[in-house]
Amino acid sequence: MAGLADVLEWTRRQVASRVPKADLDQRDPDYIRDQLPGTWLLASLYFRADVRGMDRIPVDGPVLLVGNHSGGNVPPDTFVFTLAFCSYFGVERPFYQLAHNLVVSAPPLGWLRKFGTVAANHENARLALECGAALLVYPGGDYEVFRPSWERHKVDFGGRMGYVRLAREAGVPIVPVASVGGQESALFISRGQWLARLLMTDKLLRLKSIPISLALPWGLNISDLAGHLPLPAKITIEVQEPIEVDDTDVQDQAVHDKVIASLQAGVDRLAAQRRFPVIG
């Protein structure tokens, strides 16, 4: 067992060493500006994007944007909201998004770093907020993004509350961002956490889910590491009222409950306006 443990630890270190260090200067406003017209055309025609409540985000200074997450490894909610933020506030306002190590490590996805995508960890998040940026986080991560499609309107962070401590330490407000539609871009059947434990990817890659879905072009899709072609589900996003986090509110659970309640209310409201899955 000791030999196996050593091998697992060596493999984990090798994987971690290949994750690019956060370089906030890799965000390229000129690149984003050049990409906005074409990508917004795609978002508008394919996902029929509808983003509301951007005026609820503070107009300057650092802010922690906390969203529910959907769509597997090709999450249209992140794509649409990033475009909306850069269009509304301008590409010069610093804006970063946290993503799984495997996303920022994949060579074909290097262009995401030009949009401000960095590896999801506390240090990177702290650096972004300290430089006065808006930071988008999805605490539910791979647990939430791979939930079964019949739970598509359930906000579930899997008990993760580290974002509350991050907001308190940085002295920034939390702005919940509710979205619907992303979990209709494929038919997600199972998170596959049992499969992740069996293959030990939870220890080696920080990958606690190996999801099972039906998705284009693969049909039966195991792991979603190669991504998929999302169905043209209508994506609707609504920014909620900011939630202040101060030193007197010492219970992370209390703040977390407020965030979940705000997001769930927003998701329920948006879901009630949908007539059919995918169509919207």
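Numbering of residues starts from 1 in each chain and follows the order in which that chain's sequence is written. Whole-chain, interface and lining totals are the exception, using all residues; otherwise, since this is a predicted model, local features are given only for residues with pLDDT of at least 70 and side-chain atom pairs are given and counted only at 80 or more. Values shown for side chains rest on all heavy atoms present in the structure; no hydrogens or waters enter the calculation.

Would you take a moment to explain the environment of G159 for this structure?
Helix numbering and strand numbering both begin at the N terminus, where a helix is a DSSP run of H or I of at least 4 residues and a strand a DSSP run of E of at least 2. As for its placement among the helices and strands, G159 is situated in the loop between α6 (141–145) and α7 (162–170). Overall, G159 belongs to the exposed group, its relative accessible area being 58%. The spacing of G159 and P139 is 20 residues in sequence and 8.9 Å in space, taken between C-alpha atoms. Exposed residues in this analysis have more than 50% of their type's maximum accessible area, buried residues have under 20%, and partly exposed residues fall in between, with area computed by a 1.4 Å probe over protein chains only.

Just to check I follow, could you spell out helix α2 (residues 29–46) for this structure?
Think of an α-helix as turning once every 3.6 residues; residues three or four places apart then point the same way. A helix is expected to span 1.5 Å multiplied by its residue count minus one. Across its 18 residues, α2 extends 24 Å between first and last C-alpha, which sits within 8% of the 26 Å expected from 1.5 Å per residue. Bend at a given residue is defined as the angle between two axes, one fitted to the seven residues that end at that position and one fitted to the seven that begin there. The largest bend in α2 amounts to roughly 45° and is located at L36, with the proline P37 lying one to four residues further along. Looking only at α2, the buried set comprises P29, I32, L36, T39, W40 and A43. Looking at the packing, one finds that the buried side of α2 touches α3 (76–89). Polar contacts, as counted here, are pairs of nitrogen or oxygen atoms within 3.5 Å of one another; within protein the pair requires one atom able to donate a hydrogen and one able to accept it, and residues that are adjacent in sequence qualify only if both atoms are side-chain atoms. In this structure D28 caps α2, since a side-chain oxygen of it lies 3.1 Å from the backbone nitrogen of D30. Looking one or two places after α2, you find R48, whose phi comes out positive at around 45°. The contact criterion used is simple: two residues touch if any of their non-hydrogen atoms lie within 4.5 Å.

Could you clarify how one ought to interpret the packing of helix α5 (residues 122–130) against α7 in this entry?
The angle between the axes and the distance between the axes are what describe a pair of packed helices. Interaxial angles span 0 to 180 degrees and are taken between N-to-C directions of axes, which are lines fitted to C-alpha atoms, for helices over the stretch in contact. Running from N to C, α5 and α7 cross one another at 35°; their axes reach a closest spacing of 11 Å. At the point where α5 passes α7, the crossing takes the right-handed sense. Between α5 and α7, the contacting residues are H122, A125, R126 and L129 on the first element and R165, L166, E169 and A170 on the second. By convention, the crossing between two helices is left-handed when the near helix turns anticlockwise from the far helix through less than a right angle, and right-handed when the turn is clockwise.

Explanation requested: the sheet that holds strand β6 (residues 174–180) in the structure shown.
Strands pair in a sheet through their backbones, by hydrogen bonds, and they do so in one of two ways: parallel or antiparallel. Whether two strands pair depends on DSSP finding at least two bridges between them. Ordered in space as β1-β10-β6-β2-β5-β3-β4, the seven strands form an open sheet in which the pairing is mixed. Of all strands in the sheet, those bounded by a partner on one side alone are β1 (50–52) and β4 (117–119). In this sheet, neighbouring strand axes are inclined to one another by 25° on average, regardless of whether the strands run parallel or antiparallel.

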